[in-house]
Amino acid sequence: MSAIDLAIVGAGPAGLAAAATAAELGLSVTVFDENTAPGGQIYRGIEAVAGPRARDLAVLGPAYAAGKAVVERFRASKAGYSPATTVWLVQKDRRLGILRDGKASMVEARRVLIATGALERPVPIPGWTLPGVMLAGAAQSLLKASGMVPAGPVVLAGNGPLLWQLAAQFVAAGVNIAALLETGSAYKAALPHLPAVVLAGGYLAKGLGLIASVRKAGVPIRRSVEGLRAVGKGRLQAVEFTAGGRAERIPAELLCLHQGVVANAQLGMAIPLKHEWVEAQRCWRPVLDAWGNSDVEGIAVAGDGAGIGGADAAVHAGRIAGFEAARALGRIDAAARDARAAGDVAAWRRHLRARPFLDALYPPARALRVPADDVMVCRCEEVTAGQVREAVRQGGTGPNQVKSFTRTGMGPCQGRMCGLTISEIIADALGKPVAAVGTYRIRPPIKPLTVGELAALE
Amino acid sequence: MSAPGDFDVIVIGGGLHGCSAAYHLAAARLKPVVLEKHVVARHASSASAGGVRRLGRDPAEIPLAMASIEMWHAMRATLGDDGEFRATGQVRVAENVDELRQCEARAAQVRALGYDHEVVIDRKELRRLVPAVAEQCIGGLYTARDGYAFPFKATTAFRLKAEALGAVVKEDTRVEAIERSGERWLVTTNRGPFRAPVLVNAAGAWGAEIARMLGEEVPIEPVALMMMVSGRMPHFLDPTVGSMGRKMSFKQMQSGTVVIGGGHRGRVDPLTELTELEFQFLGESARTVAAIFPLMKHAPLVRCWAGIEGFTPDELPIIGPSKAVPGVFHSFGFCGHGFQLGPVVGSITAQLVTGGKTNLPIEPFRVDRFAGSPPQA
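Scoring rules and cut-offs
Residues numbered from 1 in each chain as written. Chains lettered and ligands numbered in written order. Predicted model: local features only at pLDDT ≥ 70, side-chain atom pairs only at ≥ 80, totals over all residues. Heavy atoms only, no water. Helix = DSSP H or I, 4+ residues; strand = E, 2+ residues; numbered from the N terminus. Rg over C-alpha atoms; globule rule 2.2 N^0.38 Å. Buried < 20%, exposed > 50% of the residue type's maximum accessible area, 1.4 Å probe, protein only. Contact = heavy atoms within 4.5 Å. Areas by Shrake-Rupley, 256 points an atom, 1.4 Å probe, with all protein chains shown as cover. Axes fitted to C-alpha atoms, helices over the stretch in contact; angles between N-to-C directions. Parallel < 35°, antiparallel > 145°, perpendicular 65-115°, else oblique. Left-handed = near helix turned anticlockwise from the far one by under 90°. Nonpolar A, V, L, I, M, F, W, Y, C, P; charged D, E, K, R; others polar. Pairing = 2+ DSSP bridges. Right-handed = clockwise from strand over helix to strand, strands pointing away.

A.B. asks: Just checking my understanding: could you explain the overall build of chain A for this structure?
C.D. replies: When helices and strands are tallied, chain A shows 20 helices and 22 strands. The C-alpha atoms of chain A give 22 Å as radius of gyration, which agrees with the globular expectation for 458 residues (23 Å, within 12%). Overall, the C-alpha framework of chain A stretches about 65 × 55 × 45 Å when taken along its three principal axes. Here chain A holds 458 residues, and the buried ones make up 60% of them. Considering only contacts in chain A between residues 6 or more positions apart, those separated by 24 or more positions represent 66%. On chain A, roughly 17700 Å² of surface is accessible, and the fraction owed to carbon and sulfur atoms is 55%.

Structure follows, in structure tokens:
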């Protein structure tokens, strides 16, 4: 087994840009992708949409279409591509556990770049486990992958740019949107960050454009929504909430929930790389230097998996990581890296200027971070917020003990879905900061592997 | 009690053995304090596969295991909580004639020692007990009253009962120094000093470090024992199943998940207290499981982990008084099979503390048995 120079996990904007950059500088590169075609979540299905499904391109909009150039540059490079491949393990010694064609095996790399992108923050509300309730990003993935749109009526609820983007896409696709329910957007808190977002270029115009298109279509919009509940017998039938002190009920067949995205840090946490709590984004991210290097030699992280910056920032972060990989492996010296990366570093910083505004404008609502006792928080093991609080009363001081008490986080998702909520509930119950409470120890495989698949590993 | 840091006994280590000792000491009307450097049941006591097994034990351990199994069966009555102990038996399967002969020899050896808990079973009885077992399995060894428990909950059950009887548990309390001060031990920690006339060393894989502070060298190697767990499966298995010829421990828990161990070793860093898994050995573990339980081939494995345990050169624990200093009793280095012994060894330790002797044979576990042997690398 000969080691490849650079193994990249994930084929979104950061992974693809890093692969092209490093391969152009002569490194042997392989991108491992769980999907069957490059693009990641943000540009899912871009090659098909840009080709045979051109009709969907208009629905998905210009931000999505931008992925075409990123994928084309990757395809034009000599970087290798391993589709339909799950990376279930990265070790400190830079060996990767992969699953392909039903067989587990190990791959050695001289350097590893983790570009696993973002996950949607869970939105635990009463009734969120009913069929007919999904996260907005999942609904968007269906649209990208197969052009599937709901028959409606649809309610979108929560906050964040993706919610408005999905609403605009649904409008363009002719979906029957019964209402868009916005939970606690903090316009006042965001105001001081307005100049920075203007300087970041494009973000404000893009956001206002999305909102305008949703308004123009006549979608009913409710602001400062509280007490959100999904109700129905056996499946979703209606969404209940209060807005402006008035209780409302809107019949719906689909409820798309969203309250922002967070770094998908699972793979790095399982190594484990050092992580820190980011108060402004209320999520964990790996501790990295300016070039994306983690505290473990030879393992770097780029893109939203390093902290949310968005797709445009991720492309530059990926290129920066590609230059750094070439330097670390002796292809170019530090001066050449600095010179070649200068444009990307400047562009990356410019894009990141938009974040403080967006983070301040769309804080995750407290009731959704720290749900009431009867709300289920761990879907795999069916554990409620109340059971988590009970485990804290019994002496649980952190997520790992609460896990032993309640089985929360022990299911197939390995705490990917419930981890943030559990840490938030425990921190709240103990009156401590989330950073002090910590998070689950994540154990490989980070994606389930069958006994038969693992049996192939020699 | 003259000062807040004064106790009758200081127990170092908040694992199953430390908590069991604390419970038995408190039940004997002493006031123990448990000093735990992290949280209760942080390492082996929550990472353990939880086998409550007499089957296949070293002859030296059998008297202790026989006493302990009675305590497991009485646990709900004594502690008010059974730690989810389920007496569904333990089986070791034989996959060929040679292995079946080993079963017969083992059963004869146990009988010669005066015990009858390990019995040979034939192909038919094996299938009655373990319907899902593969075709090539022709029999095995069986102990009916053995079973399994949930290690974290069993440890917590001892801890809570000990606390209810007056024991104090101090988490995030790391021992920094130990010195003799008159008739008492002074233990300095990151959370202040503790004093008591008696010390119990139940520090698991770190037991040798504590012994060294007392001037006693014990060869202990920290070992990371790897385990895997599947997602929930429909109920198909009651007893815990091992193998005569391969490394396997296999049990289906109440929740439906299947816990797989067997002594495959990962890597351990005792300083950071972190473990790394060796997946090629888990690959072997998966092949073993697929061979003995073909229905497991499509079972998803959702998590693998390793617990840090202390191993001695003869793979027997250290139990009993220090041979170097007065007022110190050891209970550590259980080599990956100390879970079943937790109840009885805590009771032995309490007997030693209160009366200086125990009615169980602990001579094989004396701390100085390795003296003169070359130090461990």
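A.B. asks: Quick question: what am I supposed to make of unusual backbone geometry here?
C.D. replies: Peptide bonds are trans in most cases, and residues, glycine excluded, mostly fall at negative phi. Residue and element names in this part refer to chain A. For the bond from I271 to P272, the omega torsion is -5°, close enough to zero to count as cis. Between P444 and the following residue, P445, the backbone shows a cis peptide bond with an omega angle of -5°. Following the sequence through the fold, P445 ends up in the loop between α19 (434-437) and β22 (449-450). Here the phi dihedral of R407 falls at roughly 75°; this positive angle occurs in a residue that is not glycine. Take R407: it is sitting in the loop between α17 (399-406) and α18 (419-430).

A.B. asks: Help me out: how do you make sense of the packing of helix α16 (residues 385-393) of chain A against α18(A) in this one?
C.D. replies: The angle between the axes and the distance between the axes are what describe a pair of packed helices. All names here are of chain A. For the pair α16 and α18, interaxial distance at closest approach is 10 Å and the crossing angle is 50°. By the angle between their directions, the pair α16 and α18 is classed as oblique. Pair α16 / α18 crosses with right-handed handedness. The residues of α18 that touch α16, namely those facing A385, V388, R389 and V392, are I422, I425, I426, A429 and L430. Of the residues that constitute the contact of α16 with α18, the class distribution is 8 nonpolar, no polar and 1 charged.

A.B. asks: Explain the side chain of N293(A) to me, please; I cannot follow it from the model alone.
C.D. replies: Residue and element names in this part refer to chain A. Within the secondary structure, N293 sits in the loop between β18 (283-286) and β19 (299-301). Look at N293 and you get buried, because its relative accessible area is 14%. The contacts of N293, once residues within four sequence positions are left out, are R111, V287, L288, I299, A300 and E324.

A.B. asks: Sorry if this is basic, but what is going on with the pairing of strand β9 (residues 154-159) of chain A here?
C.D. replies: The two faces of a sheet get side chains in turn, since along a regular strand they alternate between them. Residue and element names in this part refer to chain A. With respect to burial, β9 is a largely interior element, 6 of its 6 residues being buried. Because side chains alternate across β9, one face comprises the buried residues V154, L156 and G158, and the other comprises V155, A157 and N159, equally buried. Relative to strand β10 (residues 177-182), β9 runs parallel, the two being bridged by 5 bridges. Along β10, the bridge assignment pairs L156 with L180. You can see the chain leave β9, run along helix α7 (residues 161-172) and come back into β10, and the turn it takes is right-handed.

Keep in mind these numbers describe shape, not what the thing actually does.
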